[in-house]
Amino acid sequence: MSLDPSAAMNTAHVLSEALPYIQRFSDKTVVIKYGGNAMVDEKLKSGFARDVVLMKQVGINPVVVHGGGPQIGNLLERIGKESKFIEGMRVTDSETMDVVEMVLGGLVNKEIVNLISRHGGCSVGLTGKDGGLIQAKKLKLSRNDPELDAPEIIDLGHVGEVDKVNTSVVEMLVHGDFIPVIAPIGVCDDGQSYNINADLVAGKVAEALNAEKLMLLTNTAGLLDKEGELLTGLSVNRVDELIKDGTIHGGMLPKIRCALEAVQGGVQSSHIIDGRVEHAVLLELFTDEGVGTLIRAD
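These numbers were taken from a predicted model, which means no experiment stands behind them.

Caption draft 1: Expanded view of the overall build of the protein. Summing up its helical and strand segments, the protein has nine helices and 16 strands in all. Over its C-alpha trace the protein gives a radius of gyration of 20 Å, about what one expects of a compact globule, namely 19 Å for 298 residues. Considering only C-alpha atoms, the protein reaches an extent of 75 × 45 × 35 Å along its principal axes. Looking at the protein residue by residue over its 298 residues, the buried ones come to 48%. For the protein, the accessible surface area stands at approximately 14,800 Å², while carbon and sulfur atoms represent 50% of it. Looking at charge distribution, the protein has the averaged site of its 28 positive side-chain charges lying 2 Å from that of its 42 negative ones.

Caption draft 2: Summary view of the UniProt feature "binding site: substrate" (unreviewed entry) in the protein. Sequence positions flagged by UniProt for "binding site: substrate" (unreviewed entry) are, in local numbering, G68, G69, R90 and N195. In sequence the annotated residues extend across 128 residues, while in space they remain close, none of their C-alpha pairs exceeding 11.8 Å. Within the secondary structure layout, G68 lies in the loop between β2 (61-66) and α3 (69-78). Every residue in contact with G68, bar those within four places of it in the chain, is listed here: V103 and L104. Locating R90 in the fold gives a position in strand β4 (residues 89-90). Excluding anything up to four places from it in sequence, R90 contacts G69, I72, G73, L76, S83, K84, F85, T96, L156 and V159.

Caption draft 3: Up close: the packing of aromatic side chains. Per the stated rule, a full pass over the model turns up two aromatic pairs. Measuring from ring centre to ring centre gives 3.9 Å for Y34 and F48, while their planes differ by 5°; the resulting arrangement is stacked. Here the residue Y34 occupies a position in strand β1 (residues 29-34), and F48 occupies one in helix α2 (residues 42-57), the gap between them amounting to 14 residues. Residue Y34 is classed as buried on the basis of its relative accessible area, which comes to 2%. What makes F48 buried here is its relative accessible area of 5%.

Caption draft 4: Representation of the sheet that holds β1 within the structure. Strand order in the open sheet made by the eight strands is β5-β10-β2-β1-β13-β15-β16-β14, with mixed pairing throughout. Two strands lie at the open edges of the sheet, namely β5 (123-127) and β14 (234-235), each paired on one side alone. Two elements, β2 and strand β10 (residues 179-183), share two bridges in a ladder whose sense is parallel. Following the sheet pairing, V65 is matched in β10 by I182. The sheet contacts of helix α6 (residues 198-208) involve β1, β2 and β13 (213-218), and relative to β1 the element is tilted by about 175°.

Caption draft 5: Main features of the pattern of salt bridges. For the structure shown, the criterion picks out 13 salt bridges. K81 is the salt-bridge partner of D93, the closest N and O atoms lying 2.9 Å from each other. With D93 in the loop between β4 and α4 (94-118) and K81 in the loop between α3 and β3 (85-86), this residue pair connects regions lying 12 residues apart in the sequence. Here D93 falls in the partly exposed class, since its relative accessible area comes to 34%. Between K138 and D155 there is a salt bridge, and its shortest N-O distance comes to 2.9 Å. One end of the pair, K138, is in strand β6 (residues 134-138); the other, D155, is in the loop between β8 (152-154) and β9 (160-165), and 17 residues separate them in sequence. Several salt bridges converge on common partners, so that one network encompasses K33, D199 and K255.

Caption draft 6: Expanded view of the environment of L224. Looking at where L224 falls in the secondary structure, it is placed in the loop between β13 and β14. Measuring from C-alpha to C-alpha, the distance between L224 and N61 comes to 29 Å, with 163 residues separating the pair along the chain. Among all residues touching L224, those that are not within four sequence positions of it are E229, L230, L231 and T247.

Caption draft 7: Layout of the side chain of E212. You can see E212 is positioned in the loop between α6 and β13. No salt bridge is formed by the buried E212. Its closest oppositely charged neighbour is K28, at 4.2 Å.

Caption draft 8: Expanded view of the environment of V91. With respect to the helices and strands, V91 occurs in the loop between β4 and α4. Setting aside its immediate chain neighbours within four residues, V91 contacts K84, I86, T96 and L156.

Caption draft 9: Representation of the confidence of the model for the protein within the structure. Put simply, the protein has an average pLDDT of 89, and 95% of its residues get 70 or more. The least confident element of the protein is strand β7 (residues 141-143), whose mean pLDDT is 72; the most confident is β10, at 98.

Definitions and limits used
Residues numbered from 1 in each chain as written. Predicted model: local features only at pLDDT ≥ 70, side-chain atom pairs only at ≥ 80, totals over all residues. Heavy atoms only, no water. Helix = DSSP H or I, 4+ residues; strand = E, 2+ residues; numbered from the N terminus. Rg over C-alpha atoms; globule rule 2.2 N^0.38 Å. Buried < 20%, exposed > 50% of the residue type's maximum accessible area, 1.4 Å probe, protein only. Areas by Shrake-Rupley, 256 points an atom, 1.4 Å probe, with all protein chains shown as cover. Lys, Arg positive; Asp, Glu negative; His and termini not counted. Charge placed at Lys NZ, Arg CZ, Asp CG, Glu CD. UniProt positions renumbered as here; feature names shortened; annotations may be inferred. Contact = heavy atoms within 4.5 Å. Phe/Tyr/Trp six-rings, centres within 6.5 Å; stacked < 30°, edge-to-face > 60°. Pairing = 2+ DSSP bridges. Axes fitted to C-alpha atoms, helices over the stretch in contact; angles between N-to-C directions. Salt bridge = Lys/Arg side-chain N within 4 Å of Asp/Glu carboxyl O. pLDDT = per-residue confidence, 0-100.

Rendered as structure tokens:
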């Protein structure tokens, strides 16, 4: 078979462009929140697994934190239990928590581990309960009601927030050349399990590991301005301005706040990237243009 000079030159250009980034991020930790379309489309799932294996092969340490909301919803529907959400968070009673643990800590987590293994990587699946990784506390959600003298406290059940991250088990795996895959389930001092938002877990894990980058996969191109153009290379101050003027609103606000807290907590940069793009992680990591929104400390 004859060599296509154009294809060969393109391959050489890609590798040449990637080299400085590979050198810069060698032995650095990158925490990736894996969710959205990238978790359900077979081609994207395979591409993501290959991406993290390649990262590990070139000396970068990926740590994966995954979601699984649609999978939880599907199983709840199959057993005849209605999903209820308040302000975007799933109300989680004891029965729902059992389903969350089974889906996140079992089905979804082990599928990701298996995908990585099929592409030549070595990974270990964890929940926040393993090795005391994620110490949680109950999330207290308050809502202002003009008819009440004090804010209304809403009970979401077994929904928590991260109180503390114990990184010892993750660091042991990373140094043993494994790729940790973490389900966002935490545990409090009395042994109670809590369902925690995966973006928040990824951000707190990134802070605790002093990660180089936090990457949040989404079903959007990233942060867009009011004209629909992609914004990137943003400072913390610029993001604050975009929140105040209403450019950042709705469902993007929690992700942006998570990204902001990470860089303010010591992570070098946060990235909100389009998980619908094949190999989005590598494109954001190893190319000049990238495929999402980058937020860095001032």
